Amino acid sequence: MTVKEAIQARRSIRKFTDQPVIEEQMAILLEAVRLAPSSINCQPWRIKVLTQREDIQWLSGAPTKGQRWIAGAGAVMICCADVQRFVEDSATNVRFLRDSGMLPPEMLAGLEEYLSKAADAQPEVLRWAAAANCAIALSQVMLQAVELGLGTCWVGMYDEAAVKERFQIPEAFPVVAMLAIGHPAESQGQRPRKDLRDILL
Ligand SMILES: Cc1cc2nc3c(=O)[nH]c(=O)nc-3n(C[C@H](O)[C@H](O)[C@H](O)COP(=O)(O)O)c2cc1C
């Protein structure tokens with residue numbers, strides 16, 4: 001399967017068979033996270049993998065605002081962002097680039113200001129910046145899943161505090177998204193998309 005084919009075939013899947021997502025498949029999906037690009041290679045994603053039935057069942061109730069379909073998933077990836085390391089690793093990596101002489105002079109001039117701005121930024125700003133990186137990683141997972149014959153659906157609506165408490169996610173790691181994963185028990189046509197002329201500026 002080509003990447004183009006995976007992009008065209010991917011759908012949000014909300015009905016799954018009972019077939020489990022096996023360890024080998026999960027390892028390939030996690031590799032798709034690990035290899036994802038990130039700003040200054042900061043890799044802020046931290047993933048909790050759920051495969052226990054009672055955990056997934058729990059998630060499908062009030063913690064996801066009643067999204068009962070999640071109960072059928074074979075696995076759920078909870079994607080968190082290590083915001084502190086996001087800032088620190090970005091600074092380390094950008095200084096490494098500077099010290100290796102890899103940055104153009106125009107960039108060097110504003111570098112320290114850029115770094116101190118990031119260090120002083122409001123937690124919400126950092127959360128969303130880190131979340132953008134996580135979204136790229138999860139997009140790779142969604143496409144990799146297609147090649148493996150798996151279906152996924154992004155879950156963006158959830159009670160973050162409840163999820164963190166149940167799965168003992170450190171306070172400093174916001175939950176930025178979840179991905180339900182399983183063997184598809186439905187096939188869907190393409191959902192409506194805007195025309196190219198509506199998205200080109
Ligand atoms: C950021 C984001 C949040 C989403 N949250 C949910 C969600 O909480 N529950 C759900 O069923 N689908 C959710 N979706 C899936 C979208 O509804 C879906 O991608 C969209 O309708 C297009 O359909 P397709 O993925 O099949 O192309 C989310 C998707 C994204 C990218």
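- Where an unreviewed UniProt entry is consulted, the protein chain appears under the name Nitroreductase, with the organism given as Desulfonatronum thiosulfatophilum.
- The Sequence similarities (unreviewed entry) comment attached to the protein chain in UniProt states, word for word, "Belongs to the nitroreductase family."

Description of the packing of helix α4 (residues 83-99) against helix α6 (residues 111-120)
Move 1: Here α4 crosses α6 at 170°, and the two axes come no closer than 10 Å. Classified by the angle between their axes, α4 and α6 sit roughly antiparallel to one another. Contact residues: α4 offers Val87, Ala91, Val94, Arg95 and Arg98, while α6 offers Leu111, Glu112, Leu115, Ala118 and Ala119.
Move 2: The class makeup of the residues in the contact of α4 with α6 is 7 nonpolar, no polar and 3 charged.

Section: the pattern of salt bridges
Move 1: Here the structure, examined in full by the defined rule, presents 10 salt bridges.
Move 2: In this structure, the salt-bridge partner of Arg85 is Asp89, at a minimum N-O distance of 3.1 Å. Taken as a pair, Arg85 and Asp89 lie in helix α4 at a separation of 4 residues, close to a single helical turn.
Move 3: Across the salt bridge formed by Arg95 and Glu112, the nearest N and O atoms sit 3.2 Å from each other. Here the residue Arg95 occupies a position in helix α4, and Glu112 occupies one in helix α6, the gap between them amounting to 17 residues.
Move 4: A residue is classified by how much of its surface remains accessible, and Arg95, at 32% relative accessible area, is partly exposed.
Move 5: Here Glu112 falls in the partly exposed class, since its relative accessible area comes to 40%.

Comments concerning the pairing of strand β3 (residues 151-155)
Residues in a regular strand point their side chains to alternate faces of the sheet.
Move 1: The element β3 is largely enclosed, with a buried count of 4 among its 5 residues.
Move 2: Direction of pairing for β3 relative to strand β4 (residues 175-182): antiparallel, over a ladder of 5 bridges. Note on β4: the bridge partner recorded for Gly151 is Gly182.

Some thoughts on the nonpolar core
Move 1: By size, the foremost hydrophobic cluster in this structure holds 29 residues, and its most contacted members are Met26, Leu29, Trp45, Met77, Leu138, Val141 and Ile181.
Move 2: Of all elements in the fold, only α2 (23-34), β2 (75-81), α4, α7 (123-147) and β4 reach the threshold of two or more residues within this core.
Move 3: When residues of this core are assigned to their parent elements, the largest contribution, 9 residues, is made by α7.
Move 4: If sequence neighbours within four positions are ignored, Val141 has contacts with Leu29, Ala32, Val33, Met77 and Leu179.
Move 5: Of all hydrophobic cores here, the second largest spans 21 residues; its members include Val155, Tyr158, Phe167 and Ile169.

Basis of the calculations
Starting from 1, residues in each chain are numbered consecutively following that chain's sequence as written. Only residues with pLDDT of at least 70 get local features here, since the model is predicted, and only at 80 or more are side-chain atom pairs given and counted; chain-wide, interface and lining totals rely on the full set of residues. Hydrogens are left out, water is left out, and the side-chain values use all remaining heavy atoms of the structure. UniProt positions are given in the numbering used here, feature names are shortened, and annotations may be inferred rather than shown by experiment. Orientation is described by lines fitted to C-alpha atoms, with helices fitted over the stretch in contact, and by angles between N-to-C directions that extend from 0 to 180 degrees. Secondary structure counts use DSSP, requiring at least four H or I residues in a row for a helix and at least two E residues in a row for a strand, with both numbered from the N terminus. In what follows, roughly perpendicular refers to angles from 65 to 115 degrees, roughly parallel to angles under 35, roughly antiparallel to angles over 145, and oblique to any angle outside these ranges. Two residues qualify as a contact provided that any one of their heavy atoms is within 4.5 Å of a heavy atom in the partner residue. In this count, Pro and Cys sit with the nonpolar residues alongside Ala, Val, Leu, Ile, Met, Phe, Trp and Tyr, while Asp, Glu, Lys and Arg are called charged and the others, Gly among them, polar. In what follows, salt bridge is the name for a side-chain nitrogen of Lys or Arg lying within 4 Å of a carboxyl oxygen of Asp or Glu. Note on classification: 1.4 Å probe, protein chains only; a residue is buried when its accessible area is under 20% of the maximum for its type, exposed when over 50%, partly exposed between these limits. Criterion used throughout: strands pair if DSSP finds at least two bridges between them. Take the buried Ala, Val, Leu, Ile, Met, Phe, Trp, Tyr and Cys residues and link them wherever side-chain atoms come within 4.5 Å; each set so joined is a nonpolar core.

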